[in-house]
Amino acid sequence: MGPPFEETEDCRRLLSAFNYFIPEVLAEIHPEWKSDALDDLIPLVAKRTGDREAVLFGLSWLIRDQTVVPTYVQLQIDPDLDRVNWLECRIGERGPQGMLRRPGNSFDRQLYRLQGREDLIDWAYQVTFGEKK
């Protein structure tokens, strides 16, 4: 695994772009995402995994009700076209009535609770986009 991301303008633009891109990808398979949107992915983990590849794991805010959900994104960027070649996205924890939405006022506690659990979460939504090269 490569070095962590640095807090740069490019990194902030990438995280901001996910607010639109992830719901669009999810909506192709899960129609309920057509009426939901994200308002920031706050990473607990943000690491390069290869040349123009990265993994991000943390919490995302849901605009509709300002709750937070765990989010895992692994992606590869096309070096020639500067666009996403491949994306694996997991979002939300499965609960008895669908995706668990946790209150935003417990953000710090929720972020701490995620530490080391990305492979233990029963993800509510999982989708893969594109083709990894």
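Residues numbered from 1 in each chain as written. Predicted model: local features only at pLDDT ≥ 70, side-chain atom pairs only at ≥ 80, totals over all residues. Heavy atoms only, no water.

Peer 1: Could you clarify how one ought to interpret the overall build of the protein chain in this entry?
Peer 2: Looking only at helices and strands, one finds two helices and seven strands in the protein chain. Each helix and strand of the protein chain, placed in order from N terminus to C terminus, yields the pattern α-β-β-β-β-β-β-α-β. Compactness check: the protein chain gives a C-alpha radius of gyration of 14 Å against a globular reference of 14 Å for 133 residues, within 12% of the reference. Here the protein chain holds 133 residues, and the buried ones make up 46% of them. Intrachain contacts of the protein chain at a sequence separation of at least 6 include 57% that bridge at least 24 residues. When the accessible surface of the protein chain is split by element, carbon and sulfur atoms take 48% of a total near 7,700 Å². Separation of charge centres in the protein chain, based on 17 positive and 23 negative side chains, amounts to 4 Å. (Helix = DSSP H or I, 4+ residues; strand = E, 2+ residues; numbered from the N terminus. Rg over C-alpha atoms; globule rule 2.2 N^0.38 Å. Buried < 20%, exposed > 50% of the residue type's maximum accessible area, 1.4 Å probe, protein only. Contact = heavy atoms within 4.5 Å. Areas by Shrake-Rupley, 256 points an atom, 1.4 Å probe, with all protein chains shown as cover. Lys, Arg positive; Asp, Glu negative; His and termini not counted. Charge placed at Lys NZ, Arg CZ, Asp CG, Glu CD.)

Peer 1: When you look at the environment of Leu56 in this model, what are you seeing that I'm missing?
Peer 2: Relative to the elements of secondary structure, Leu56 occurs in strand 2 (residues 53-62). Along the backbone, Leu56 and Pro43 are 13 residues apart, and their C-alpha atoms lie at a distance of 6.0 Å. Not counting residues up to four positions away in its chain, the partners in contact with Leu56 are Leu15, Phe18, Leu41, Val45, Ala46, Thr71, Tyr72, Val73 and Leu75.

Peer 1: Which parts of the structure should I look at to understand unusual backbone geometry?
Peer 2: Among all residues save glycine, negative phi is the norm, and among peptide bonds the norm is trans. In this structure, Asp40 is a non-glycine residue whose phi angle is positive, near 95 degrees. Mapped onto the secondary structure, Asp40 falls in strand 1 (residues 38-50).

Peer 1: Where do I start with the nonpolar core in this structure?
Peer 2: Note on soluble globular proteins: their nonpolar side chains tend to be buried together. Phe18, Trp33, Leu56, Val73, Leu75 and Ile91 are the most contacted members of the largest nonpolar core, which has 25 residues in total. Broken down by element, the residue count for this core peaks at six residues, all from helix 1 (residues 9-27). With residues near it in sequence (within four places) discarded, Ile91 still touches Leu26, Trp33, Leu38, Val69, Pro70, Thr71, Met99, Trp123, Ala124 and Tyr125. In terms of nonpolar packing, the next biggest core, distinct from the first, is built from 11 residues, Val55, Trp61, Phe107 and Ile121 among them. (Core = buried A, V, L, I, M, F, W, Y, C linked by side-chain atoms within 4.5 Å.)

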